[in-house]
Amino acid sequence: MPVVSLHVNGHSHQVDADPQTPLLWVLRDEIGLTGTKFGCGVAQCGACTVHVDGQTMRSCVAPVAAIAGRQVTTIEGLTSHAAKAVQKAWVDLDVVQCGYCQSGQIMSATVLLEQNPKPSDEDIDQAMAGNICRCATYVRIRAAIHAASAQLTA
Amino acid sequence: MHPMMKAWRDAPENLALAAPTRAPAPARSGVTRRDVLAAGGFVVAIGWLPDPARAAAQGREGAAAQAVFEPNQFVSIGADNLVTIVNKHHEMGQGNTTGLATLVADELDADWSLVRTEYAGANVKLYANLAFGMQGTGGSSAIANSYLQYRTAGATARAMLVSAAAQAWGVPAGEIRTGDSVLTHASGKRATYGEMAAAAAKQEAPKNPVLKSPDQFSLMGREHATPRVDSPSKCNGTAQYTGDVKLPGLLTAVIAFPPSFGAKMVSFDASAARKVKGVTDVVAVPEGIAVVAKNTWAAQQGRRALKITWDEAAGAALDSDALFAQYRELAAQPGTRFAKPAAAEDGKPAAVATKTVEAVYEFPFLAHAPMEPQSCVAWLHDGRLETWAGHQFPTFYHMFAAKAAGLPLDKVTLHSLISGGSFGRRANAWSDFTVAAVNVAVAIHGRAPVRLQYTREDDMSAGLYRPMAVHSVQVGLADTGRIASWKHGVAAQSIVAGTAMAMMIKDGVDPTSVEGVSPSSYELPMLDGQLHSPTLAVRPLWWRSVGNTHTAYVMETMMDKLAQAAGQDPLAFRLALLEKNPRATGVLKLVAEKSGWGKAMPAGSAQGIAVHECFGTNVAQVAEVTLKDGKVRVDRVFCAVDCGVAVNPDVIRAQMEGCIGFALGALYYSEIELKAGRPVQRNFDQYKALRIYEMPAVEVFIVPSTAAPTGVGEPGVPPLGPAVANAIVRAGGPAVTRLPFARSGLVSA
């Protein structure tokens, strides 16, 4: 099998994997980064959301070969001001319930705020529409994004 | 109390399984966490976590390093001054880890920032749900059954710390103050709990430690006093779910399950599957054909390469439309009586019906679809079995895992992990995913630990659905607006029939099929109830709030229809039937006041109201709905809840918010249809979930109370559907009797 070169959270990994393997399973099974979750396998729920070159990507349908040489960030590797503000707001407001979707929610919210530090409710609806939370923590997700925004723009 | 709990508590046949119905007071049990660990490691240790994860998880979760004072199986204190509290229940998002820790920490006068939590493994003697008599989480009972037990555990620890300080300082115990994990005396003496822990361990446990009165609570009921213990780990990726378990040589398995209910395997050809790189085994197990591999993708690719011939004849006739037709006929016929009209009171003329209000309601199968698909790690080694999973009913999982492995119970260790939601899915007496994982481990002769991973399609196609239900209701109204007669037919599979909980069926009636109709919050002596419980090849299961998922919709939309027929306001009509039910009245009045019930609404918008009691908790909701171009938007939901003492107000609010969104998604979209025995909806593209842009604003109001607490994980679900449906009718829309809305042509805006 070909070796794929991946850059994840600032580290290089040489991964021996079928090029069609979704990035999700390489992250989880080969690299051991299990903060990114498997929810649906068909890019419907967003639990597997990661950043690739600063944009959100559903890692469950992204063939690892297509990610070679690009910068991948997972929940474990978040460092930006926006990311830290999002994580803090999430904890401050106790957004989580079961927590399983929240890595993906935080990854989506982080890109939103990196690109738009003062999002409207409509902006939030659009940016977060791909992330399902079966516990329906949406009221707090919205509030936490506004709180993080306030912190970033203060 | 949920009937499930009562049945378990009362059934003598469960004694072999069960702990004493009233567990020994923790102080007197003399069993400590250390004893438990020594006896085989029942408490989930986090030693198997990778180092960074362990460090991060110990933000708030994870035990103190060295417990030197362990007065009972629930609490221990280390020399490092950390307090560790063991959660005997399953944490699936509902917040009971925080709640149970609050009960102990309050009585202990512990500093919340020094509290750590961990999860108990299977040990029915130490960790039974006192309401069930077995270890398990369900019926929104975690706080309710543990309220005195956990407080007593904390009070015992505190009393022993105080006693140790009194001895060390030579002062009367009554003069010692406690607070924020510190002992103090007016003389200036001061010690942290950690400093006094070793001495406390030598004290005798008090027989009846004094519990605080509600006005003395320092954490319970206090806003911002007890942030969730699991927030940090769930926000940085370190929270450990079943899929995240790392063990040396761990393999992953997927199973090719039968494609339809009742299907039998005729033959299979695994030659191509075995050639997939990474596949290590292809083995037949009772559940299907398991493909075992070095990683998840290889296992999935191997499964795709299998060639299996199935005989699907058995389920070919299973079809949702045909089932609904059959159920409609059944519900209109006499069946097993679940409610009999009371005889008219002497000298009081029976009301004579002059008007009939009737409706037939249809409810589909529902999948739970928790975010985390089912999975379980099973490891057979050294004559033992270990499992890791979201074991919501450890007692059952323990029994069935041992049976599948052919091992005695004491050779089987369960590691109960948090789960990514359940909504009832993991509370099942079949223990399906754990048994299947053990079967795979047995099939590969315990060569390595193996994780069985369900895909979303596997999980959604597995059955164990909220059963379909049809209600056929005819109510006679007198000229006075009084209800003269109420005939109520229900057709729904019994959830408990054929399981270890079948003893709940009394006189042919499974109470989970009719709870909410009978018993009802309302005084309905004229109720004439008939139940049909057909059996199908599709296994049914409880789904967040169980029978109330359909009964509340029926009862509360009927109340609005009746109020309209009687020319009365829906709130006033309900209150008149709730004169003997102060708590239902209380939440109704509170939600009416907070929502401005009766206020003028913009054109196309209306309010709808509903109230329901579920597992002892009363919830009333007012939904504000806008109809535009045939589309529905729920703008806002007001929610009043009476759950007795509010242990963690913010967790209660969170559960109400979550229940509302969960119920709204089901109302709009959720249905598993059967065609030729196969489930049609298999993933979130067809089985839609509520998304953020559909979530209404929610305002929650908690009734102040000193009554013993009841649960909040489920009771917010039942009133939402009827509150929204009633609002739609009041806004000029259709009266929907076939759920979900999407089936009736109503779509969300």
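Shown above is the structure to which this text applies.
These lines cover the structure that appears in this document, whether it is placed above or below.

Analysis parameters
- Residues numbered from 1 in each chain as written.
- Chains lettered and ligands numbered in written order.
- Predicted model: local features only at pLDDT ≥ 70, side-chain atom pairs only at ≥ 80, totals over all residues.
- Contact = placed C-beta atoms within 7 Å.
- Helix = DSSP H or I, 4+ residues; strand = E, 2+ residues; numbered from the N terminus.
- Nonpolar A, V, L, I, M, F, W, Y, C, P; charged D, E, K, R; others polar.
- Pairing = 2+ DSSP bridges.
- Axes fitted to C-alpha atoms, helices over the stretch in contact; angles between N-to-C directions.
- Parallel < 35°, antiparallel > 145°, perpendicular 65-115°, else oblique.
- Left-handed = near helix turned anticlockwise from the far one by under 90°.
- Expected span 1.5 Å × (residues − 1).
- Buried ≥ 20, exposed ≤ 12 C-beta atoms within 10 Å, placed from the backbone.

1. Concerning the interface of chain A and chain B
- Facing 46 residues of chain A, the contacting portion of chain B comprises 47 residues.
- Secondary structure elements with two or more residues in the side of chain A that touches chain B: helix H1 (23-31), helix H2 (81-92), helix H3 (102-115), helix H4 (121-128) and helix H5 (138-153) of chain A.
- Top contributing element to the side of chain A that touches chain B by residue count: H5 of chain A, with four residues.
- Across the side of chain A that touches chain B, the residue classes break down as 24 nonpolar, 14 polar and eight charged.

2. Some remarks on the sheet that holds strand S4 (residues 55-58) of chain A
Residue and element names in this part refer to chain A.
- One open sheet accounts for five strands, arranged S2-S1-S5-S3-S4; its pairing is mixed. Edge positions in the sheet fall to strand S2 (11-16) and S4, since each of these pairs with one other strand and no more. Pairs of neighbouring strands in the sheet enclose a mean axial angle of 40 degrees, with direction left out of account.
- Alignment of strand S1 (residues 3-8) against strand S5 (residues 71-73), held across two bridges, turns out to be parallel.

3. Looking at the packing of H2 of chain A against H5 of chain A
Residue and element names in this part refer to chain A.
- Axis separation between H2 and H5 bottoms out at 8 Å; the angle between their running directions is 130 degrees. Accordingly, the angle class assigned to the pair H2 and H5 is oblique. As H2 packs across H5, the resulting crossing turns out to be right-handed. For the pair H2 and H5, the contacting residues are His81, Ala82, Ala85, Val86, Ala89, Trp90 and Asp92 in the first and Ala144, Ala147, Ala148, Gln151 and Leu152 in the second.

4. Quick look at H2 of chain A
- Counted at 1.5 Å a residue, the expected span for H2 of chain A with its 12 residues is 16 Å, and the 16 Å between its end C-alpha atoms agrees.
- By the burial criterion, the buried members of H2 of chain A are Ala82, Ala83, Ala85, Val86, Gln87, Ala89 and Trp90 of chain A.

5. What about the packing of helix H17 (residues 548-566) of chain B against helix H21 (residues 720-730) of chain B?
All names here are of chain B.
- Taken N-terminus to C-terminus, the directions of H17 and H21 make an angle of 30 degrees; their axes are 8 Å apart at the nearest point. Classified by the angle their axes make, H17 and H21 are roughly parallel. In this structure, H17 crosses over H21, and the sense of that crossing is right-handed. Side by side, H17 and H21 meet where Ala552, Tyr553, Glu556, Thr557 and Asp560 of the first sit next to Gly721, Pro722, Ala725, Asn726 and Val729 of the second.
- Along the lines of polarity and charge, the residues of the contact of H17 with H21 split into five nonpolar, three polar and two charged.

6. What to know about the sheet that holds strand S14 (residues 355-363) of chain B
Residue and element names in this part refer to chain B.
- Strands sit in the order S13-S21-S20-S19-S14 across an open sheet of five strands; the sheet is mixed. The sheet is open, and its two edges are formed by strand S13 (336-339) and S14, each paired on a single side. Here the strands of the sheet are splayed against their neighbours by 15 degrees on average, with no regard to which way each runs.
- Bridge count between S14 and strand S19 (residues 469-477): nine bridges; the pairing is antiparallel. If you follow Tyr361 over to S19, its bridge partner there is His471.
- The strands that helix H12 (residues 320-331) touches are S14, S19, strand S20 (483-492) and strand S21 (527-532); relative to S19, the one it contacts most, it runs at about 35 degrees.
- Taken strand by strand, H17 contacts S14, S19 and S20, and its axis lies near 25 degrees from that of S19.

Everything listed here is a matter of geometry and, on its own, says nothing about what the molecule does.
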